[in-house]
Amino acid sequence: MAASVPFSATSTQTTPFSHSNSFSSFLGFQCRSRHSWPFLIRTCSTRHCRRSRNVASNQKQTLKDPPTQEDGLDLLAPDSATIALSIKYHSEFTPLFSPEGFELSKAYMATAHSVQDRLIQNWNTTYDYYEKMNVKQAYYFSLEYLQGRALLNAIGNLELSGPYAEALKKLGHNLEEVASQQEPDAALGNGGLGRLASCFLDSLATLNYPAWGYGLRYKYGLFKQLITKDGQEEVAENWLEMGNPWEIVRNDVSYPVKFFGEVIEGPDGKKQWVGGEDITAVAYDVPIPGYKTKTTINLRLWSTKLASEAFDLRAFNAGDHAKAYKAQKDAEKICYVLYPGDESIEGKTLRLKQQYTLCSASLQDIIGCFERRSGGSVNWEKFPEKVAVQMNDTHPTLCIPELIRILIDVKGLSWKEAWGITQRTVAYTNHTVLPEALEKWSLNLLKELLPRHVQIIEMIDEELIQTIISEYGAEDLDLLQQKLKQMRILENVELPSLVLELLAESEKSSVVDTAEETETSDEETESSDEEDELEEESETEPKGSLKKPDLKPPEMVRMANLCVVGGRAVNGVAEIHSEIVKNDVFNDFYELWPEKFQNKTNGVTPRRWIRFCNPDLSKIITKWTGTDDWVVNTEKLAELRKFAGNKDLQSEWREAKRRNKMKIVSFLKEKTGYIVSPDAMFDVQVKRIHEYKRQLLNILGIVYRYKKMKEMSHKERKANFVPRVCIFGGKAFATYVQAKRIVKFITDVGATVNHDPDIGDLLKVVFVPDYNVSVAEVLIPGSELSQHISTAGMEASGTSNMKFAMNGCILIGTLDGANVEIREEVGEDNFFLFGAQADEIAKLRKERAEGKFVPDPRFEEVKAYVRSGVFGRYNYEELMGSLEGNEGYGRADYFLVGKDFPSYIECQEKVDQAYQNQKKWTEMSILNTAGSYKFSSDRTIHEYAKHIWMIHPLRLPLMEEEA
């Protein structure tokens, strides 16, 4: 093996990744980084922008005292005049636009860079201090981060909203217009998984916890959703088209990542992963500011590429252009799209490449930081005392075998040492109970793509087998085999030979014991037993050509099982979900390691989800609680309970809700063309489109409502129905056909209902295209009823339910996910409950399979109405058919829409009745906000820090001086 500097944080060059040296460069981890976190500070004075390098950028870094004003970090917040000069400077000298004019797009970029200057100052201060103190740090691995727009959030956290608004006004622009009309949402996530990760980063920074986030920088995101007459269409996101002012490309921080190749064993018995395909992961850093604190943590995103030498110039000049840049495109496409379609082997391979790139590059970065902070003497046993890695769902599972690979193959540790360190470092958050979402990967595919990791996974599987045998023994072979089948990481893979021999010996011993027992009985019984034994033996023997061979099921790797075995902790994300995880999903593991399992109910950041997106409500809360401390101490929201019946508060509350509804009216007109009445109840269901989330139940309820309206006179309609605007939003995965049918159905119903002159403003149905964080920030503050109606036991937690409750929106839902805890906190009378409960679901499905389910006549009525063609010519037979029958794929109403339909529409009648009493409705709304205090991500992060990561807040000295 060629000499190399192993994973040097101070090496200044990277060996080119050619086949001849790929092994040494990969296993040696020659990093291009002198230091893994230098930023360029841009500190603007009134005349010019002074540029200075962070001390961290110096290869011979010496840690200095905390910065002073002379070092470039102003102790006093800048005024609007200083900010205006900074914006003006960036408009003239940051080379993104031509120097002429100061249009809206240029104003946004200049403003963002002005804010970024301050974030970089705070970021460098934060990590200088963390480096000096050598604290334990948490690292959050997530394939998704659904951040939303950054400008208003950043200046809000920096407490500079007023000065920036005034500065832009002086320059001829409005802050709200600059932010809302020019900044795209970062296309780095899709649903609750990514939004949760972003909330966690905000809380980590706000609470001064030392932490980083790691993810991938997707060029085209998931997709941009268009709604046409054919339903949902997907096009690539263009969020990076004009550049991203919030990221800092770190060309000096890059790591090699290998795929394919083979594993060879040297004379010393050490394994070496050689050959194959090598790419480079390059860091893009996004500073994450905390609220009312200088602490600014980092989200490090990886992009992938190849060195210029990989471009085949000879092929290009010969006219074979595709061949010339094929290798580069293959590397770059790893970070093109979030969740690429995996129907093909190429799609599966690409997804695995994404997951491994995230794990490998991030762990190399973390290990480099650990070695650097350790100085000249590295004690690997202290690694778990300095590093906590949290896997957000199963996507980062490969960090378990990757950490072991680095520790053994690169750092020279033994298997026992590496395995012990890994088990004390890594933890796993489970986000689903759906079997199809508990990832499994083809063992053959993994062997081809990551051969060394498969060897390590096989060793972990053997460790697990030995643990299971030690725990349960071999006396009860049926129990042992059942445990092995359910718990093993490798599915449908033959047991190791030594284990097979042990089982065979145990089986023989069992047979001998049985024979000895029968000797005490009479000869006739003995003879009969021997014959029976011979018959049993003969039944286990192969019948040769007379027996049809069984098709062997595919060999798979169960990623969730690997997470449980390799991690120090496993947590669910709501109380009911965590109980399902313990009692159902991972019950065998829970019986073996009960101490591993915890609950960490999700939360959302009150900064973005009340303080910034709902300023009218925020002012009211501050006025009536007497403080704005509720933004970081949400327990103070509970004080609103004693004022819930106060007429003055209720009047202010309704006025704020009305203003937010007016914003929705304008937004819907702009995005969909539909004009809705602000006097109607705004009824919202916005989330990823999935059958278990039951948007189908919602729209069928609307269809039933519409049908009943059509059967009445105008006078009867007005007397019997509260006017409603029913708003939907969410993306259906591009290859999820049934979900896309649901989107099409909703839009068809809307097209019919919204143009029906008999109905008018009594009912509107609107599907908002391309739902994202920014859309949520408009819809949630003005919503009055929000639907969280998943099949009980199938939603892990949900976080949008928390956001709606925080904003005084009343929920209708099942006892699923965090709904259970929300109902407890806001009060049973302030939550509209319906539907079967989680512990009933299995029995109900069994009854359905046995043909015992009798559908409600109202459910049959609504299906027949859909089939009548009233909503257009589209054939909804597949959609309606999924709700019928007792068995079969895509049949038998697996998600119990028909079962819960009667309860649902009866509950909706109660909603109408309650809404007519606006005094009572407003009181319920206030009590929802008051009871939402538990669902702050600050509380969740405190629990992770205390019970899983074992980290502590670290306030910067400068903050103490300011205090």
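Residues numbered from 1 in each chain as written. Predicted model: local features only at pLDDT ≥ 70, side-chain atom pairs only at ≥ 80, totals over all residues. Heavy atoms only, no water.

What about the overall build of the protein?
The secondary structure content of the protein amounts to 37 helices and 24 strands. With 963 residues in all, the protein has 58% of them scored as buried. Approximately 40000 Å² of the protein is accessible, and the part contributed by carbon and sulfur atoms is 50%. (Helix = DSSP H or I, 4+ residues; strand = E, 2+ residues; numbered from the N terminus. Buried < 20%, exposed > 50% of the residue type's maximum accessible area, 1.4 Å probe, protein only. Areas by Shrake-Rupley, 256 points an atom, 1.4 Å probe, with all protein chains shown as cover.)

A few points about the pattern of salt bridges
Scanning the entire structure with this criterion turns up 64 salt bridges. Between Asp 900 and Arg 694 there is a salt bridge; the shortest N-O distance is 2.8 Å. Of this pair, Asp 900 sits in helix H34 (residues 897-915) while Arg 694 sits in the loop between strand S19 (681-686) and helix H25 (695-710); the two residues are 206 residues apart in sequence, bridging distant segments of the chain. Linking Lys 708 and Glu 711 is a salt bridge whose minimum nitrogen-to-oxygen distance equals 3.3 Å. Judged by its relative accessible area of 47%, Glu 711 is partly exposed. (Salt bridge = Lys/Arg side-chain N within 4 Å of Asp/Glu carboxyl O.)

Side note on the nonpolar core
Within the largest apolar cluster, 138 residues are counted, with the highest numbers of intra-cluster contacts made by Trp 302, Ile 460 and Trp 949. Among the elements that make up this core, the one with the highest residue count is helix H10 (residues 345-374) (11 residues). Of all hydrophobic cores here, the second largest spans 54 residues; its members include Leu 697, Ile 759, Val 862 and Leu 883. (Core = buried A, V, L, I, M, F, W, Y, C linked by side-chain atoms within 4.5 Å.)

Here's the deal with the environment of Asp 761
Examined against the element boundaries, Asp 761 turns out to sit in the loop between helix H27 (737-753) and strand S21 (763-768). Placed 36 residues apart in sequence, Asp 761 and Val 725 show a C-alpha to C-alpha distance of 8.2 Å. Among residues more than four places away in sequence, those in contact with Asp 761 are Ser 677, Pro 723 and Arg 724. (Contact = heavy atoms within 4.5 Å.)

Notes on unusual backbone geometry
For residues that are not glycine, phi is negative in most cases, and the peptide bond is trans in most cases. Despite not being glycine, Glu 159 has its phi angle at roughly 60 degrees, a positive value. On the secondary structure map, Glu 159 appears in the loop between helix H4 (151-157) and helix H5 (161-170). Classification of Glu 159 as partly exposed rests on a relative accessible area of 47%.

A short note on the layout of surface pockets
Considering only enclosed or pocket space, the second largest pocket measures out at about 700 Å³ in volume. In terms of lining residues, the second largest pocket is bounded by 29 residues, among which Val 433, Pro 435, Leu 438, Asp 584 and Val 585 are the most central. Looking at the lining of the second largest pocket, the elements that each hand over two or more residues are helix H16 (477-487), helix H19 (559-566), helix H20 (575-585), helix H21 (587-592) and helix H31 (841-849). Here the lining of the second largest pocket is built from residues that sort into 16 nonpolar, four polar and nine charged. (1 Å grid on protein atoms, 1.4 Å probe; cavity = no way out; pocket = protein on both sides within 12 Å on 5 of 7 lines; lining within 4 Å. Points joined across faces, edges and corners; volume = space filled by probe spheres on them. Nonpolar A, V, L, I, M, F, W, Y, C, P; charged D, E, K, R; others polar.)

Some details on the sheet that holds strand S13 (residues 426-429)
An order of S7-S10-S11-S4-S3-S12-S13-S17-S18 is seen for the nine strands of this open sheet, with the pairing classed as mixed. The open sheet has two free edges, formed respectively by strand S7 (248-259) and strand S18 (597-599), since each of these has just one partner strand. Taken pair by pair, the neighbouring strands of this sheet meet at an average axis angle of 25 degrees, ignoring direction. Sheet contacts for helix H36 (residues 937-949): strand S3 (137-141), strand S12 (387-392), S13, strand S17 (570-572) and S18; angle to S12, the most-contacted strand, approximately 120 degrees. (Pairing = 2+ DSSP bridges. Axes fitted to C-alpha atoms, helices over the stretch in contact; angles between N-to-C directions.)

With respect to H25
With 16 residues, H25 ought to run about 22 Å at 1.5 Å a step, and its terminal C-alpha atoms sit 23 Å apart, in line with that. With 15 of 16 residues buried, H25 is to be regarded as a mostly interior element. (Expected span 1.5 Å × (residues − 1).)

Examining the packing of aromatic side chains
Inspection of every chain in the model, using the stated rule, returns 38 aromatic pairs. Aromatic side chains Tyr 127 and Trp 212 sit 5.5 Å apart centroid to centroid with 80 degrees between the ring planes, which places their arrangement in the edge-to-face category. Linking Tyr 127 in helix H3 (residues 104-133) with Trp 212 in strand S4 (residues 211-216), this pair joins segments that are 85 residues apart in sequence. Taken as a pair, Tyr 127 and Trp 212 share a single burial class, namely buried. Its end group placed over the ring of Tyr 284, Arg 217 keeps NZ or CZ at 4.0 Å from the ring centre. (Phe/Tyr/Trp six-rings, centres within 6.5 Å; stacked < 30°, edge-to-face > 60°. Lys NZ or Arg CZ within 6 Å of the ring centre and 35° of its normal.)

A short note on a positive patch on the surface
Taken together, the side chains of Lys 647, Arg 654, Lys 919 and Lys 920 present a region of like positive charge at the surface. Listed by contribution, the elements that provide at least two residues to the positive patch are helix H24 (647-672) and helix H35 (918-931). Structurally, Lys 920 can be placed in helix H35. On the basis of relative accessible area, Lys 920 is assigned to the partly exposed category, the value being 36%. (Patch = residues over 30% accessible without salt bridge, like charges linked within 9 Å, V, L, I, M, F, W, Y side chains within 5 Å. Lys, Arg positive; Asp, Glu negative; His and termini not counted. Charge placed at Lys NZ, Arg CZ, Asp CG, Glu CD.)

Some thoughts on the pairing of strand S8 (residues 262-265)
When a strand is regular, its side chains alternate between the sheet's two faces. Relative to strand S9 (residues 271-274), S8 runs antiparallel, the two sharing four bridges. In the sheet register, Val 263 faces S9, and the bridge partner there is Trp 273. With antiparallel pairing between neighbouring strands as the criterion, S8 and S9 make up a hairpin whose turn holds five residues, including Gly 269 at a positive phi of roughly 85 degrees.

With respect to the side chain of Thr 397
On the secondary structure map, Thr 397 appears in the loop between S12 and helix H12 (399-410). A polar contact of 2.3 Å, which involves the side chain of Thr 397, links it to the backbone oxygen of Thr 394. Beyond its immediate chain neighbours, meaning those up to four positions away, Thr 397 contacts Met 391, Met 559, Leu 562 and Cys 563. (Polar contact = N/O pair within 3.5 Å; in protein donor to acceptor, adjacent residues only side chain to side chain.)

Observations regarding the sheet that holds strand S15 (residues 490-491)
Read from one edge of the open sheet, three strands run S14-S16-S15, paired in antiparallel fashion. Looking along the sheet, the strands with just one partner apiece sit at the ends: strand S14 (440-442) and S15. Of the pairings in the sheet, the one linking S14 to strand S16 (residues 556-558) comprises three bridges and is antiparallel in character. Paired with Trp 441 across the two strands is Val 557, which belongs to S16.

Section: H35
Along an α-helix, residues three or four positions apart point the same way, because every turn accommodates 3.6 residues. The end-to-end C-alpha separation of H35 is 20 Å, in line with the 20 Å expected for 14 residues at 1.5 Å each. Burial analysis of H35 places 10 of its 14 residues in the buried class, the great majority of the element. All of the buried residues along H35 are Trp 921, Thr 922, Met 924, Ser 925, Ile 926, Leu 927, Asn 928, Thr 929, Ala 930 and Gly 931.

Section: the state of the cysteines
Evaluation of the coordinates by the stated rule reveals zero disulfides. Free cysteine: Cys 399, not disulfide-bonded; nearest cysteine sulfur from Cys 359 at 4.9 Å. The exposure class of Cys 399 is buried, given its relative accessible area of 0%. (Disulfide = S-S within 2.5 Å.)

Some words on the packing of H24 against helix H28 (residues 773-782)
Two elements in contact, H24 and H28, have axes whose closest approach is 7 Å; the angle formed by their N-to-C orientations is 135 degrees. Compared by their axis directions, H24 and H28 come out oblique. Crossing handedness for the pair H24 and H28: left-handed. Counting all contacts with H24, which are made through Lys 657, Asn 660, Lys 661, Lys 663, Ile 664 and Phe 667, the residues of H28 involved are Val 775, Val 778, Leu 779, Pro 781 and Gly 782. For the contact of H24 with H28, the class distribution of residues is six nonpolar, two polar and three charged. (Parallel < 35°, antiparallel > 145°, perpendicular 65-115°, else oblique. Left-handed = near helix turned anticlockwise from the far one by under 90°.)

A word on the environment of Cys 563
You can see Cys 563 is positioned in helix H19. Residues Cys 563 and Leu 398 lie 165 residues apart in sequence; the distance between their C-alpha atoms is 8.9 Å. Non-local contacts of Cys 563, meaning those with residues more than four positions away in its chain, are made with Met 391, Thr 394, Thr 397, Ile 400 and Tyr 428.

Concerning the pairing of strand S22 (residues 785-788)
Residues Leu 785 and Gln 787 point to one face of S22 and Ser 786 and His 788 to the other, with burial holding for every one of them. Summarising the sheet, S22 and strand S23 (residues 810-813) pair through four bridges and their orientation is parallel. Residue Leu 785 lies in a different strand from S23, and its bridge partner there is Ile 810. In this fold, S22 hands off to helix H29 (residues 800-806), which returns the chain to S23; that crossover is right-handed. (Right-handed = clockwise from strand over helix to strand, strands pointing away.)

Brief notes about the confidence of the model for the protein
Per-residue confidence for the protein gives a mean pLDDT of 88; residues scoring 70 or more make up 87%. Contacts from residues 1-75, a stretch scored under 50 in pLDDT, to residues over four places away or in other chains number 190 contacts. Across residues 520-549 the pLDDT falls below 50, and counting only partners more than four positions away or on other chains, this stretch makes six contacts in the model. (pLDDT = per-residue confidence, 0-100.)

Focus: the environment of Asn 153
By secondary structure assignment, the location of Asn 153 is in helix H4. Residue Asn 153 is classed as buried on the basis of its relative accessible area of 13%. Taking the C-alpha atoms as reference points, Asn 153 and Cys 613, separated by 460 residues in sequence, lie 9.2 Å from one another. Sequence-distant contacts of Asn 153, that is, excluding residues within four places in its chain, are made with Asp 202, Arg 608 and Phe 612.

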